[in-house]
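Tertiary structure, described
Listed below, chain by chain, are the residues.
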Amino acid sequence: MHNYTKIAELAAAGRETMIARRRDFHRYAEAAWTEFRTAAIVADTLAKLGYEVLAGDEVITGNVMYEVPSAIELEHHIRRAITQGAKSSWVRKLAGGKTGIVGIMRFSPAGPAVGLRFDMDANTVTESDNPDHYPRREGFASVNRGVMHACGHDGHTAVGLAVAEILAAVQGSLSGSVILMFQPAEEGAHGATAMVDHSFFTGLDYLLGMHLGLKT
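Residues numbered from 1 in each chain as written. Predicted model: local features only at pLDDT ≥ 70, side-chain atom pairs only at ≥ 80, totals over all residues. Heavy atoms only, no water.

Topic: the pattern of salt bridges
The criterion, for reference: Just to be clear on terms, a salt bridge is a Lys or Arg side-chain nitrogen sitting within 4 Å of an Asp or Glu carboxyl oxygen. The classification of residues rests on relative accessible area computed with a 1.4 Å probe and restricted to protein chains. Under 20% of the type maximum is buried, over 50% is exposed, and intermediate values are partly exposed. Secondary structure follows DSSP: runs of H or I at least 4 residues long count as helices, runs of E at least 2 residues long count as strands, and numbering of each begins at the N terminus.
Applying the stated criterion across every chain yields a total of 14 salt bridges. The closest approach of N and O atoms between arginine 15 and glutamate 16, which form a salt bridge, is 2.9 Å. Given the relative accessible area of 52%, glutamate 16 is considered exposed. A salt bridge links arginine 22 to aspartate 154, with the nearest nitrogen and oxygen atoms 2.9 Å apart. In this pair, arginine 22 is assigned in helix α2 (residues 15-27) and aspartate 154 in helix α7 (residues 153-169), connecting sequence segments 132 residues apart.

Brief notes about the layout of surface pockets
Just so we agree on the cut-off: Method remark: on a 1 Å grid restricted to protein atoms, a set of points is classed as a cavity if a 1.4 Å probe fits but cannot get out and as a pocket if it is open with protein on both sides within 12 Å along at least five of seven lines; lining residues have an atom within 4 Å of a point. Grid points are joined across faces, edges and corners, and a volume is the space filled by probe spheres set on the points. Classification used: nonpolar for Ala, Val, Leu, Ile, Met, Phe, Trp, Tyr, Cys and Pro, charged for Asp, Glu, Lys and Arg, polar for all others including Gly.
Put simply, the largest pocket is a space of about 470 Å³. What lines the largest pocket is a set of 17 residues, among which Ile19, Arg22, Asp154, Gly155 and Leu212 lie closest to the centre. The set of elements that each furnish at least two residues to the lining of the largest pocket consists of α2 and α7. Looking at the lining of the largest pocket, the element that brings in the most residues is α2, giving 5 residues. Of the residues that constitute the lining of the largest pocket, the class distribution is 8 nonpolar, 5 polar and 4 charged. One number sums up the size of the second largest pocket: a volume of about 330 Å³. At the level of secondary structure, the elements contributing two or more residues to the lining of the second largest pocket comprise α1 (3-13), β3 (113-119), α7 and β4 (176-183). Broken down by class, the residue content of the lining of the second largest pocket amounts to 11 nonpolar, 3 polar and no charged.

Description of the side chain of threonine 34
Here is the rule we go by: N or O atoms within 3.5 Å of each other form a polar contact, as long as, within protein, one can give a hydrogen and the other can take it, and as long as residues adjacent in sequence are counted only when both atoms are side-chain atoms. Any two residues whose heavy atoms approach within 4.5 Å at even a single point are treated as in contact.
For threonine 34, the position within the fold is in the loop between α2 and α3 (36-49). Note on threonine 34: relative accessible area 3%, which makes it buried. Within the structure, threonine 34 has its side chain in polar contact with the backbone oxygen of alanine 31 (distance 2.8 Å). Ignoring sequence-local partners within four residues, the contact set of threonine 34 consists of Pro69, Leu74, His77 and Thr99.

Structural notes on the pairing of β4
Rules: Pairs of strands are assigned from DSSP output, requiring at least two bridges between the strands.
For β4, the tally of buried residues reaches 8 of 8 residues, placing the bulk of the element in the interior. Because side chains alternate across β4, one face comprises the buried residues Gly176, Val178, Leu180 and Phe182, and the other comprises Ser177, Ile179, Met181 and Gln183, equally buried. Here 7 bridges tie strand β2 (residues 101-108) to β4, and the two strands are oriented antiparallel to one another. Each residue of the ladder has a partner; that of arginine 106, found in β4, is serine 177. Relative to β4, β3 runs parallel, the two sharing 7 bridges. Each bridged residue has a counterpart across the sheet, and for alanine 113 the counterpart in β4 is serine 177.

Examining the packing of aromatic side chains
The cut-off we apply is this: For this analysis, a ring pair means two rings from Phe, Tyr or Trp (six-membered ring only for Trp) whose centres lie within 6.5 Å, classed as stacked if their planes differ by under 30 degrees, edge-to-face if by over 60, and tilted for the remaining angles.
This model, assessed by the stated rule, comprises 3 aromatic pairs. Taking 5.3 Å as the distance between ring centres and 35° as the angle between the ring planes, the aromatic pair formed by phenylalanine 200 and phenylalanine 201 counts as tilted. The exposure class of phenylalanine 200 is buried, given its relative accessible area of 5%.

Topic: α7
The test is simple: A helix's residues, less one, multiplied by 1.5 Å, set its expected span.
Helix length check: α7, at 17 residues, gives a terminal C-alpha distance of 24 Å against a target of 24 Å (1.5 Å per residue), a fit within 8%. α7 sits mainly inside the fold: 13 of its 17 residues count as buried.

This is how it looks when you write it as structure tokens:
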């Protein structure tokens, strides 16, 4: 079967999982440098798919992290993430707010190195209490007061994991390598700045990003 056909079939088959993940990330929204639950879920999912997973200090340069919450506040968010279902083994690797995750899969020596970047953080705004607000009506509005996904990064993270699953499923027919970058702190805190000096950027032939739009 041609790869394009297989990929389309896998994407269609994973639609409900992607929607469920997006709603889960929306429900447990986390702001810049506190994406402990989101990042832990991403890391655990990538590891189970066979990716080499980098996290914490392996991904984030501490001296160029801006607007980082205090140590007391970070510890609060760590405890909250674990209470809300994140694996503590992953969460503790993200200490200090170093919540970036990278997944690497190498297919064969010959071929391009492709980087794909997805952001994870939510906005520091309170979600609507209007009963007609769709997430409220459908039961996945943010439970973390004062933080919500108002810019679509819940969708970006869910799409990133769907892409990771599809690539893992067709890896036998691919060449080169893929580097999946799940970036924290896009909303004003310059999270990309803290990631760009790391070795996983070296030798990339292509680097792609995406942003969800609205259909009107």
